[in-house]
Amino acid sequence: MDELGFLFHGFATVLSWYNLGMMLVGLVLGVIIGVLPGLGGPNGVAILLPLTFTMPPTSAIIMLSCIYWGSLFAGAITSILFNIPGETSSVATTFDGYPLAQQGKAGNALTASFTGSFFGALSGVLLITFLAPMVSRFALRFGPAEFFAVFLLTFCSFVGTDRKTPFKTIISMMLGFGLAAIGMDTVSGGLRMTFGWSELLRGVDFLVVVIGLFGIGEILVSMEEGLKFEGKSGRINLKVVLQTWRELPRYWVTLVRSTVVGCWMGVTPGGATAASFMGYGLAQRFSRNGHKFGTGELEGVVAPETAAHASGTSALLPMLALGIPGSATAAVLLGGLMIWGLQPGPLLFTEQKDFVWGLIASMYLGNFVGLIIVLSTVPLFAAILRIPFAIVAPIIIVVCAIGAYSVNNAMLDVWFMLLFGFIGYVLKKLSYPLAPMILALVLGDRMEDAFRQAMLGPGTGMHVFWSNSLVGTITTLALVMLVWPLLSWGWRRMRGKPPITEESAAVNPANARGVQ
């Protein structure tokens, strides 16, 4: 196969001392960026992009892409240890990763996270290597209607998989949509809910809300629950890593499913954040331990991290083959390619073979070396949990404030962080899920834009969402997922079973899955 020959040529390009050095520098910088809340892969790549202008394009793209891989790996570290997502795609990892850390299983959670990330990334690179022509043609079929259908399926999946409190899920989702609508309307250019504040023209930033809800909110909850100032167990060694690896084959179906979801969301493109939420939701829906998700299930860590990394890797395919960035980081890299005088598109694979296949080879090698780096630093990060909470909490608050301020260099974002910290505390006390709110805030604008663009033009109407087999299938599946709680309730009534309530699910978790 020609692809294998090109790939070996790409490895010959990467395995020079200079390119290897740039790869290691990028990975280390990516891990640091991923650990710091408020930065993330896109911001890190954007900040360091000017440093690469004097480098050869191949070396520059290797370093920048490795920053991205490192940040994706490390984004789970603070999510698991402190319930603060270092990356936007690591929000779903907090749901089960943080409870595992609280149970003294931080090493298991981190190992599972890094291994799932590696599996997802490797699958994404294989997709780019062997399926580039077919996937490129498939991505061209996605227009505004198809994008809206994908987003609709993501949101409806949350409602359909919540057997206990679907109405609380919908309310939380509506709050997220309301926050996403603040600022300038990207279609008409009008202002919405700014109340005369020029600071709100850019809207409420997702990272500020996440840092407040999860970082400050969790500290408030921890302080109320008895002011627990003792440290947690954080011991980790090679035995724990090997023990976790022995458990992971049990979740091979989850790994494969999350990989497929991630690659699909990366190519279409839906984004790593949406992929992680969808991977988590599907894992919860189909797992035999789905009722235990949120209490510290290893499968709940593997699913979102695998999907996020698969999406983040495969998002580079439409950027290279079509010039269409599949993620925020891919958009930054796209700008870098143009600055270096390279034009992304189908001709890039024929005119710049050294560059393209060198980048693909660096993905294989970078993810393998990245896995070794993060696994070797697991003892260091897990040991942080042994520090008493009275010492860690002020440091977390300072880091959160720095992260919130660095998003837009605005003090208003720090006040927003504190406000959403209080809101997160209240929502947690009232048992409202935070995931739907966060997802709506992330995808609300994009979903609205896709809907309005699909409805523009003469002769358009709701039938556009059934205008072809692809969009019709996705839309129908989304509507089925939306009404699934009603269908399940009706089916239980027909069989003479009591309806599922929050109280009955708490008493008997098996009820949440509809089994006796």
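Residues numbered from 1 in each chain as written. Predicted model: local features only at pLDDT ≥ 70, side-chain atom pairs only at ≥ 80, totals over all residues. Heavy atoms only, no water.

### Some words on the overall build of the protein chain
Here's step 1: A tally of helices and strands in the protein chain yields 25 helices and two strands.
Here's step 2: Within the protein chain, the proportion of its 516 residues that are buried is 57%.
Here's step 3: Of all intrachain contacts in the protein chain linking residues separated by at least 6 positions in sequence, the fraction that spans at least 24 positions is 76%.
Here's step 4: Accessible surface, the protein chain as shown: approximately 21,500 Å² in total, 70% of it carbon and sulfur. (Helix = DSSP H or I, 4+ residues; strand = E, 2+ residues; numbered from the N terminus. Buried < 20%, exposed > 50% of the residue type's maximum accessible area, 1.4 Å probe, protein only. Contact = heavy atoms within 4.5 Å. Areas by Shrake-Rupley, 256 points an atom, 1.4 Å probe, with all protein chains shown as cover.)

### Describing the packing of aromatic side chains
Here's step 1: Going through the model one piece at a time under the given rule, you end up with nine aromatic pairs.
Here's step 2: Judged by centre distance (6.3 Å) and plane angle (50 degrees), the rings of Phe95 and Phe277 are tilted. In this pair, Phe95 sits in helix α5 (residues 94-102) while Phe277 sits in helix α13 (residues 272-286), placing the two residues 182 residues apart along the sequence.
Here's step 3: A relative accessible area of 17% places Phe95 in the buried class.
Here's step 4: The ring centre of Tyr432 lies 5.2 Å from the NZ or CZ of Lys168, which sits over that ring.
Here's step 5: Against the face of Phe286 rests Arg285, its NZ or CZ located 5.7 Å from the ring centre. (Phe/Tyr/Trp six-rings, centres within 6.5 Å; stacked < 30°, edge-to-face > 60°. Lys NZ or Arg CZ within 6 Å of the ring centre and 35° of its normal.)

### Some words on a nonpolar patch on the surface
Here's step 1: On the surface, a cluster of nonpolar side chains totalling about 600 Å² of accessible area is made up of Trp466, Leu479, Val480, Leu482, Val483, Leu486 and Leu487.
Here's step 2: Listed by contribution, the elements that provide at least two residues to the nonpolar patch are α23 (469-482) and α24 (484-494).
Here's step 3: Among the elements that line the nonpolar patch, the one with the most residues is α23, at three residues.
Here's step 4: Its location among the elements puts Leu479 in helix α23.
Here's step 5: Leu479 sits in the partly exposed class, given a relative accessible area of 36%. (Patch = residues over 30% accessible without salt bridge, like charges linked within 9 Å, V, L, I, M, F, W, Y side chains within 5 Å. Salt bridge = Lys/Arg side-chain N within 4 Å of Asp/Glu carboxyl O.)

### Overview of the pattern of salt bridges
Proximity of charged atoms lets side chains of opposite charge pair with each other.
Here's step 1: Enumeration over the complete set of coordinates arrives at two salt bridges.
Here's step 2: Close ionic contact of Glu448 with Arg192 constitutes a salt bridge, the shortest N to O distance being 2.7 Å. One end of the pair, Glu448, is in helix α22 (residues 435-455); the other, Arg192, is in strand β2 (residues 191-192), and 256 residues separate them in sequence.
Here's step 3: Among the residues examined, Arg192 registers a relative accessible area of 23% and is labelled partly exposed.
Here's step 4: Note that Glu448 and Arg452 form a salt bridge whose closest N and O atoms lie 3.0 Å from each other.

### Some remarks on helix α6 (residues 106-130)
Here's step 1: With 25 residues, α6 extends 36 Å from end C-alpha to end C-alpha; this agrees with the ideal 36 Å at 1.5 Å per step.
Here's step 2: Most of α6 is tucked away, with 21 of its 25 residues classed as buried. (Expected span 1.5 Å × (residues − 1).)

### A short note on the confidence of the model for the protein chain
Here's step 1: Here the protein chain averages 75 in pLDDT, while 79% of its residues score no lower than 70.
Here's step 2: The least confident element of the protein chain, judged by mean pLDDT, is helix α25 (residues 502-507) at 41; the most confident is helix α21 (residues 411-429) at 87.
Here's step 3: A low-confidence stretch, residues 226-234 stays under pLDDT 50, and its non-local contacts, those more than four residues away or across chains, total 21 contacts.
Here's step 4: Segment residues 501-516 is flagged for pLDDT under 50; beyond a separation of four residues in sequence, or across chains, it makes 27 contacts in the model. (pLDDT = per-residue confidence, 0-100.)

### Topic: the packing of helix α12 (residues 252-267) against helix α14 (residues 299-314)
Geometrically, a packed helix pair is captured by the angle between its two axes and the distance between the axes.
Here's step 1: Where α12 meets α14, the closest approach of the two axes is 7 Å, and the angle between their N-to-C directions is 35 degrees. Taken as a pair, α12 and α14 cross one another with a handedness that is right-handed. The segment α12 lies against α14, with Thr254, Leu255, Ser258, Thr259, Gly262, Cys263, Met265, Gly266 and Val267 engaging Glu299, Val302, Ala303, Thr306, Ala307, Ala310, Ser311 and Ser314.
Here's step 2: Looking at side-chain class alone, the contact of α12 with α14 contains eight nonpolar, eight polar and one charged residues. (Axes fitted to C-alpha atoms, helices over the stretch in contact; angles between N-to-C directions. Left-handed = near helix turned anticlockwise from the far one by under 90°. Nonpolar A, V, L, I, M, F, W, Y, C, P; charged D, E, K, R; others polar.)

### Quick word on the side chain of Thr111
Here's step 1: Considering the arrangement of structural elements, one finds Thr111 in helix α6.
Here's step 2: For Thr111, the contacting residues outside a window of four places in its chain are Val241, Thr244, Trp245 and Leu375.

### What to know about the side chain of Thr254
Here's step 1: Positionally, Thr254 belongs in helix α12.
Here's step 2: Using a relative accessible area of 4% as the deciding quantity, one classes Thr254 as buried.
Here's step 3: Setting aside residues up to four positions removed in sequence, Thr254 forms contacts with Ala283, Glu299 and Ala303.

### Brief notes about the environment of Glu299
Here's step 1: Relative to the elements of secondary structure, Glu299 occurs in helix α14.
Here's step 2: In sequence terms Glu299 and Glu247 are 52 residues apart; their C-alpha atoms lie 9.8 Å from each other.
Here's step 3: Engagement of the side chain of Glu299 in a polar contact is seen with the side chain of Thr254, the distance being 2.5 Å. (Polar contact = N/O pair within 3.5 Å; in protein donor to acceptor, adjacent residues only side chain to side chain.)

### Overview of the environment of Pro166
Here's step 1: Checked against the element boundaries, Pro166 lands in helix α9 (residues 166-180).
Here's step 2: Its relative accessible area of 16% is what places Pro166 among the buried residues.
Here's step 3: Spatially, the C-alpha atoms of Pro166 and Leu486 are 9.9 Å apart, while their sequence positions differ by 320 residues.
Here's step 4: What Pro166 contacts, discounting residues up to four positions off in sequence, is Val159 and Pro485.

### Quick notes on the packing of helix α2 (residues 17-35) against helix α18 (residues 353-376)
Here's step 1: At a closest axis distance of 10 Å, the pairing of α2 and α18 adopts a crossing angle of 50 degrees. Classified by the angle between their axes, α2 and α18 sit oblique to one another. For the pair α2 and α18, the crossing hand works out as right-handed. Only Leu365, Gly366, Val369, Gly370, Ile373 and Val374 of α18 make contact with α2, whose side of the interface consists of Leu20, Met23, Leu24, Leu27 and Val31.
Here's step 2: Class assignment for the residues of the contact of α2 with α18 results in nine nonpolar, two polar and no charged. (Parallel < 35°, antiparallel > 145°, perpendicular 65-115°, else oblique.)

### Some remarks on unusual backbone geometry
Here's step 1: Unlike most non-glycine residues, Met193 shows phi in positive territory, near 55 degrees.
Here's step 2: Here Met193 lies in the loop between β2 and α10 (206-224).

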